[in-house]
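Here's the letter readout for the chains.
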Amino acid sequence: MTRALELAQTPGVPLGPNPRVGAVLLAPDGTTVASGFHRGAGTPHAEVDALTRAGDRARGATAVVTLEPCNHTGRTGPCAQALVAAGVARVVFAQADTNPVAEGGAETLRRAGVEVEGGLMAEEARVVNRAWTFAVEHRRPFVTWKLATTLDGRSAAVDGSSRWVSSPAARRDAHRLRGECDAILVGTGTVSLDDPQLTVRDEDDVDLPRERQLLRVVMGRRAVPAGARMLDDAAETVVLATRDPHEALAALFDRGRRHVLLEGGPTLAAAFLRAGLVDDLVAYVAPMLLGAGSSAVGELGITTIADAVHLDVVDVTTLGTGPDTNLRLTLVPRKRS
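Residues numbered from 1 in each chain as written. Predicted model: local features only at pLDDT ≥ 70, side-chain atom pairs only at ≥ 80, totals over all residues. Heavy atoms only, no water.

Novice: Talk me through the pattern of salt bridges; I want residue IDs and the actual numbers.
Specialist: A full pass over the atoms with the stated rule returns 17 salt bridges. A salt bridge links Lys-146 to Glu-263; the nearest nitrogen and oxygen atoms lie 4.0 Å apart. In this pair, Lys-146 sits in strand E6 (residues 142-150) while Glu-263 sits in the loop between strand E11 (259-262) and helix H10 (266-274), placing the two residues 117 residues apart along the sequence. Its salt-bridge partner being Arg-328, residue Asp-315 comes within 3.5 Å of it at the nearest N-O pair. Residue Asp-315 is found in strand E14 (residues 311-319), and its partner Arg-328 is found in strand E15 (residues 326-333); the two are separated by 13 residues along the sequence. Judged by relative accessible area, which is 14%, Arg-328 ranks as buried. In the salt-bridge network here, residues are joined through shared partners; they are Asp-173, Arg-176, Glu-180, Asp-315 and Arg-328. (Salt bridge = Lys/Arg side-chain N within 4 Å of Asp/Glu carboxyl O. Helix = DSSP H or I, 4+ residues; strand = E, 2+ residues; numbered from the N terminus. Buried < 20%, exposed > 50% of the residue type's maximum accessible area, 1.4 Å probe, protein only.)

Right under this line is the structure:
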């Protein structure tokens, strides 16, 4: 299973919207027959990839898979049926598939006479697909709020300038973060004020091809300017005419999006925080002071320190050197007792 989990995390495999899955086929003597992994939406699932490589050698083998084989026909056929047809004798999987569209693969295998064991290294498998697992269990996308701020919590100066709040190293890292999500969300106010393009660039600041871009999403009641950069053909864009975070996430979940990067301004961030819809937070903190200007987050309705939103620190990383140093803080909102 350790090898299957490694395969699931093969570099270059998209983190969404589908789960990352690895599979290893073992002969009765324990030797590896073949292995495979899922390379993204529309490509063969890990089990089918391994079965194709194994051919007739799959008969009588044990399939070790990081996720319960699927039981539905989408862009590809059901993996449970493919394993049965290949003559696999035993299936061991890590994480159960709770997606109502795909669940039931283990039972299909058992009815066909295949020995099935589930739960081996399940927690490790859940970590590999953290956002996807959260989304299918909560029926909404996992939300990461990304912000860039000065030491005194300002996202822009009084004149509105904000371009250099974060350092070059922090901006490169922010594109890495974008690449880990499958949708990026801003409000209509941000589009009107900043006119962002919201594409993903690599470490050489080169725009990635359209098929590797995330879905650009703008929500709000204001009209999006016809010439807005995020309406170009560099990536797909969706406009959601709502101010309700719950409605926006429901619409994105229905579109198959499982991890949303919230990059909107302070008003949108505050709306998601008030609704309890921020699941983790990545803050790029610059060692500078402005003393005035836009706050990183808007009104939260908090009037006393006892009601403050508390965050638990998961990671602190220094990005860049010298005058371009920024801190990247990864945090999760603390659940109220």
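Novice: Let's hear about the sheet that holds strand E1 (residues 22-26): which residues, and what values?
Specialist: Ordered by their spatial adjacency, 5 strands build an open sheet running E2-E1-E3-E4-E5, and the pairing between neighbours is mixed. This sheet does not close on itself; its edge strands, each paired only once, are strand E2 (32-37) and strand E5 (115-118). Within this sheet the neighbouring strands show an average axis-to-axis angle of 15°, counted without direction. Sheet topology places strand E4 (residues 90-95) next to E5; 4 bridges connect them, and they run parallel. Looking at E5, one finds that Val-91 is bridged to Val-116. (Pairing = 2+ DSSP bridges. Axes fitted to C-alpha atoms, helices over the stretch in contact; angles between N-to-C directions.)

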